[in-house]
Structure formats: C-alpha cells, structure tokens
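# Commentary on secondary and tertiary structure
Next come the chains, spelled out residue by residue.
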Amino acid sequence: MSYPQSPRKAGMPREVLKWLQSLELSVYPKNVRRDFSNGFLVAEILSRYYPQDFPVHAYDNGTSLASKQRNWRQIERSLQKQNLHLMKDVIDRSIHCKPGAAELLVQEVYTLLTNQSIRDVQGPQSDFTDDEYQELLPAVARSTASRAIKNNLRITEIMAEPDIRTNQRKTEAILHRHLEHKAAERVNNPGRFKGRPNLGRLASKNLVPSGRRDECFAKSGGTTSKLCSSSTCIGAAVSFKEIKVHQPVRHSLINN
C-alpha cells in the first residue's frame, strides 16, 4: 500500500520553474522547502538583478538557525535599500520549513523582480500547516495528536522563540485543530469509529425492567436462582454460573 508523498518538492507554476532554470543558479533547488530556508539561493537570485547589493560570498550556505537568521536579516536590509519588501511572515515560515511557505516566497520574489503576476498564486491567508497533505491520506494513515504537534511546530520555532507560554498556545491551537478534524471524521464516517461493545454495554442493553423483574420473580416462586438462570425471563445473552474456589491450606513453618 502506497500513500501520497509529502509535498516537499516544487508545487510552483511552470513560468516560475522556467525562470529559475534561466538564472543558472549554482545549485538547482530540488527540495524547495529545504533549499530556500536559509536564504542563500534567494540572495543568489537577487544578485542576478542587483549584483552590487547582494554579493553571494557574503552569505552562508549553512543549515543552522543562526545562519538562516543572519542571511535573512542581511537580505532584508539590502532590499530596503532598493525600496523592496518581502512578507515577514512568509520569511519566518520559510526559515522553519513550513508547508507551502517556500513556494509562496519564490513566487513573491519572481513577481518582485520580473513585475509579472502569477495566476493561482497562493495568498497570504495560507495557514502553512500539513492539513492539505493529511486530507490526501486515508483515515488510518493520518497523524496522531503527537505527530500533528511535531509536524506543525518545528524545533527551530521553539529555538527562535523559547517563551513557554507562546509555545504552549501554539501547541494548544494545533491540538484544537486536530480534535476538530477528528470530530469531523466521526461525523463523516461513523462506522469506522464504531467499536465492539464491551461487557458493560452488553449489560446495560440487557437490563430487565422493574415490572418484568417482579413478574419473573413471582413465576419463579419467590426464588432468585431461577431468575438468574432463566433466559426466557430476562432475555439476556449473558449467563451466570457460580464458581466455588477452594483455598489451599498453608501450614505453619515455625519450628516448635
């Protein structure tokens, strides 16, 4: 059984992909979410248009959080000199490799440098979660609560903002969204969540009404043993049997 692949690779329009190929970058982005997170390729793209303001040798092609933040701060300062701006929220989400953030960032850079609009561009109202990918999976393969937190709250987010209350609110929001999806699944597919009845549920279904219990008790001549063994009176599928347990005699080991 094969499941849809996680959307790590480019989900960008064809004209953007052709534009990237025409720039002849030192490294062609194979994994958009990973390759654009540190800002090195973005600086290299900008150096094709503004070589004096974006020298490639001034940027670090590292993967640490410090390298990413340092590169993006330098990019933002250089863009301000040209009176150009990128969405801060998209940059932050790209640093943390959020789903859909890098694709939106590259499309924004394309529009900024070429002055060409893109049809069906992902708007800033995107939540940058893996909900879209989870919807492609069958119900049995979707994330659990702990996995949902891991997928939507990156370790770099906690490192960048280590405030406990902030991360607690993010975690609660992820759990709330996960529980909402689970509730919707129960409504849309109730048969999947119908478990086998346990003994407690069977006993509650086979309770004898008080009026019928008195009737059976009267027919049995005032004895309760016939009531328990008579399936015609109680209509229960559960039978009861008395078990006698013999306790072994423990001899004292104390020497006289």
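Report on the accompanying structure. Since this is a predicted model, take the numbers as computed values, not measurements. (Residues numbered from 1 in each chain as written. Predicted model: local features only at pLDDT ≥ 70, side-chain atom pairs only at ≥ 80, totals over all residues. Heavy atoms only, no water.)

## Some words on the overall build of the protein
In terms of helices and strands, the protein carries 14 helices and zero strands. When the helices and strands of the protein are listed from N to C terminus, the series reads α-α-α-α-α-α-α-α-α-α-α-α-α-α. Buried residues in the protein amount to 34% of all 256 residues. A fraction of 55% describes how many contacts in the protein between residues 6 or more apart in sequence connect residues 24 or more apart. Counting only carbon and sulfur atoms, one obtains 52% of the accessible surface of the protein, whose full area is about 17,700 Å². (Helix = DSSP H or I, 4+ residues; strand = E, 2+ residues; numbered from the N terminus. Buried < 20%, exposed > 50% of the residue type's maximum accessible area, 1.4 Å probe, protein only. Contact = heavy atoms within 4.5 Å. Areas by Shrake-Rupley, 256 points an atom, 1.4 Å probe, with all protein chains shown as cover.)

## Details of the packing of aromatic side chains
We describe a pair of aromatic rings using the distance from one ring centre to the other and the angle between the two ring planes. All chains considered together, the criterion is met by two aromatic pairs. Between Tyr-50 and Phe-54, the ring centres sit 6.4 Å apart and the planes meet at 55°, which makes this aromatic pair tilted. By relative accessible area, which is 26% here, Tyr-50 ends up partly exposed. (Phe/Tyr/Trp six-rings, centres within 6.5 Å; stacked < 30°, edge-to-face > 60°.)

## Quick notes on the pattern of salt bridges
Scanning all chains against the criterion turns up 11 salt bridges. Notably, a salt bridge pairs Arg-142 with Glu-185, separated by 2.9 Å at the nearest N-O pair. Pair noted here: Arg-142 is in the loop between α7 (131–136) and α8 (145–152) and Glu-185 is in helix α10 (residues 164–188), with a separation of 43 residues, a long-range link. Linked through salt bridges whose partners overlap, the residues forming this network are Glu-76, Lys-88 and Asp-92. (Salt bridge = Lys/Arg side-chain N within 4 Å of Asp/Glu carboxyl O.)

## Brief notes about the packing of helix α1 (residues 14–22) against helix α6 (residues 101–114)
Viewed as axis vectors pointing N to C, α1 and α6 meet at an angle of 70°, and their least axial separation amounts to 11 Å. Between α1 and α6, the angle is such that the two are roughly perpendicular. Within the contact between the two elements, α1 uses Glu-15, Val-16, Trp-19 and Leu-20 and α6 uses Val-106, Gln-107, Val-109, Tyr-110, Leu-113 and Thr-114. Class assignment of the residues belonging to the contact of α1 with α6 gives a composition of seven nonpolar, two polar and one charged. (Axes fitted to C-alpha atoms, helices over the stretch in contact; angles between N-to-C directions. Parallel < 35°, antiparallel > 145°, perpendicular 65-115°, else oblique. Nonpolar A, V, L, I, M, F, W, Y, C, P; charged D, E, K, R; others polar.)

## Section: helix α4 (residues 65–81)
Taking 1.5 Å per residue as the helical rise, α4 with its 17 residues ought to reach 24 Å, and the 25 Å between its terminal C-alpha atoms agrees with that figure. Along α4, the residues that are buried comprise Leu-65, Ser-67, Lys-68, Asn-71, Trp-72, Ile-75, Ser-78 and Leu-79. Each buried residue of α4 lies within a common arc of 165° when the element is viewed along its axis, so the set occupies one face. Residues of α4 that are exposed and angled more than 90 degrees away from the buried face: Gln-80 and Lys-81. Its buried side turned inward, α4 meets α3 (40–49), α5 (88–95), α6 and α9 (155–160). Looking at the residues trailing α4, positive phi occurs at Asn-83, about 60°. (Expected span 1.5 Å × (residues − 1). Arc of directions from axis to C-beta.)

## A short note on the environment of Lys-170
Position of Lys-170 among the secondary structure elements: in helix α10. Classification of Lys-170 by relative accessible area gives partly exposed; the value is 28%. Sequence-wise, Lys-170 and Asn-152 are 18 residues apart; in three dimensions their C-alpha atoms are separated by 9.1 Å. In contact with Lys-170, not counting residues within four places along its chain, are Leu-153, Glu-157 and Glu-161.

## Remarks on the nonpolar core
Among the nonpolar cores identified, the biggest contains 35 residues, and Trp-19, Leu-20, Phe-36, Val-42, Ile-45, Trp-72 and Ile-75 are the most heavily contacted of them. Of all the elements in the fold, those that place two or more residues in this core are α1, α3, α4, α5 and α6. Per-element accounting of this core gives the leading share, eight residues, to α6. Setting aside residues no more than four positions away along its own chain, Leu-20 makes contact with Met-12, Leu-25, Tyr-28, Pro-29, Ile-45 and Val-106. (Core = buried A, V, L, I, M, F, W, Y, C linked by side-chain atoms within 4.5 Å.)

## Observations regarding unusual backbone geometry
Even without being glycine, Cys-97 reaches a positive phi, approximately 55°. Structurally, Cys-97 is set in the loop between α5 and α6. Phi at Asn-115 takes a positive value of approximately 60°, unusual for a residue other than glycine. Its location among the elements puts Asn-115 in the loop between α6 and α7.

## Concerning α10
The terminal C-alpha atoms of α10 lie 36 Å apart, and with 25 residues this matches the ideal 36 Å at 1.5 Å per residue to within 8%. Those residues of α10 that are buried lie in contact with α8 and α9.

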